[in-house]
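# Architecture and fold: a report
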Amino acid sequence: RLLELAAHRARELGATVMHLNLSEANTADRDALSRLGFSVVRRFFEMSLKMTDFKLPYAPDNAFALRHLQRGEEETLADVQNRCFADTWGFNPNTAAEIAYTLSLSGASAADVVLIYDGERPAGYCWTKINGETSTEVGVKKGRILMLGVDPDYRGRDIGRLVLEAGLSYLKDRGVGVVELTVDSENQAACSLYQAAGFKVQARSLCYEKQID
């Protein structure tokens, strides 16, 4: 019934497709979604890193400058984010207003976003989050990499590694001991980057899709 109501509201808003993410291990709900006409379109890795296992010591490249986002620069972040993910499955263009709203939420800060610049041009970014919860496994504060993107014009130049190192170093400096993220299993470049940094797959989730037009 809840999915029916969600589909009705989505139609009112002009959407034609519904997506739903579900743990691969949740067989009961997976069966229910299949009966309702949803089909699997993507698999994601849920990855985790203990900061004691962090393998990429922070070493800035002098060719690029790293700094944190400041309030009032939401348009800059929206522009670089939309460039980074324009060709990525499932991405909807973001707006400065949406970013400003997200950064205004409790526990969020513009400083959570690390930007990497080539001169005056943003070449990528890493958006982090401190969860405000403790890992039951190791008893330390948890953080998260929400998004990491590299401008298509700068791919292949180690931008991803540099900005990931900066984001992880930021979280570590704030007492985070475990960092989590979700990555598309088909994004081989991102998966390789995270594995090189010491992230390990802890679980898998599935993205289900259903046409509602």
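In short, a report on the structure. (Residues numbered from 1 in each chain as written. Predicted model: local features only at pLDDT ≥ 70, side-chain atom pairs only at ≥ 80, totals over all residues. Heavy atoms only, no water.)

## Focus on the overall build of the chain
For the chain, the helix and strand inventory stands at six helices and eight strands. The order of helices and strands in the chain, counted from the N terminus, is α-β-α-β-β-α-α-β-β-β-α-β-α-β. In terms of overall size, the chain behaves like a compact globule, its C-alpha atoms giving a radius of gyration of 18 Å where 213 residues would be expected to give roughly 17 Å. Structurally, the chain occupies a C-alpha span of about 55 × 40 × 35 Å along its principal axes. For the chain, with 213 residues in total, the buried portion stands at 38%. Put simply, 75% of the contacts in the chain that link residues at least 6 apart link residues at least 24 apart. In the form shown here, the chain has an accessible surface area of approximately 11,600 Å², with 48% of it arising from carbon and sulfur atoms. (Helix = DSSP H or I, 4+ residues; strand = E, 2+ residues; numbered from the N terminus. Rg over C-alpha atoms; globule rule 2.2 N^0.38 Å. Buried < 20%, exposed > 50% of the residue type's maximum accessible area, 1.4 Å probe, protein only. Contact = heavy atoms within 4.5 Å. Areas by Shrake-Rupley, 256 points an atom, 1.4 Å probe, with all protein chains shown as cover.)

## Considering helix α6 (residues 188–197)
Within α6, the full set of buried residues consists of Ala-190, Cys-191, Leu-193, Tyr-194 and Ala-197. The buried residues of α6 occupy one face: seen down the axis, they fall within an arc of 160 degrees. Exposed side chains of α6 directed beyond 90 degrees from the buried face belong to Gln-188 and Ala-189. Once α6 finishes, Gly-198 follows within two positions and takes phi at roughly 110 degrees, a positive value. (Arc of directions from axis to C-beta.)

## Details of the packing of helix α3 (residues 74–85) against helix α4 (residues 96–104)
For the pair α3 and α4, interaxial distance at closest approach is 8 Å and the crossing angle is 115 degrees. On the basis of their axis angle, the class for α3 and α4 is roughly perpendicular. Between α3 and α4 lies a crossing of right-handed hand. Seen from α3, the contacting residues are Glu-74, Glu-75, Leu-77, Ala-78 and Gln-81; seen from α4, they are Ala-96, Ile-99, Ala-100 and Leu-103. Each residue belonging to the contact of α3 with α4 can be placed in one class, and the counts come to six nonpolar, one polar and two charged. (Axes fitted to C-alpha atoms, helices over the stretch in contact; angles between N-to-C directions. Parallel < 35°, antiparallel > 145°, perpendicular 65-115°, else oblique. Left-handed = near helix turned anticlockwise from the far one by under 90°. Nonpolar A, V, L, I, M, F, W, Y, C, P; charged D, E, K, R; others polar.)

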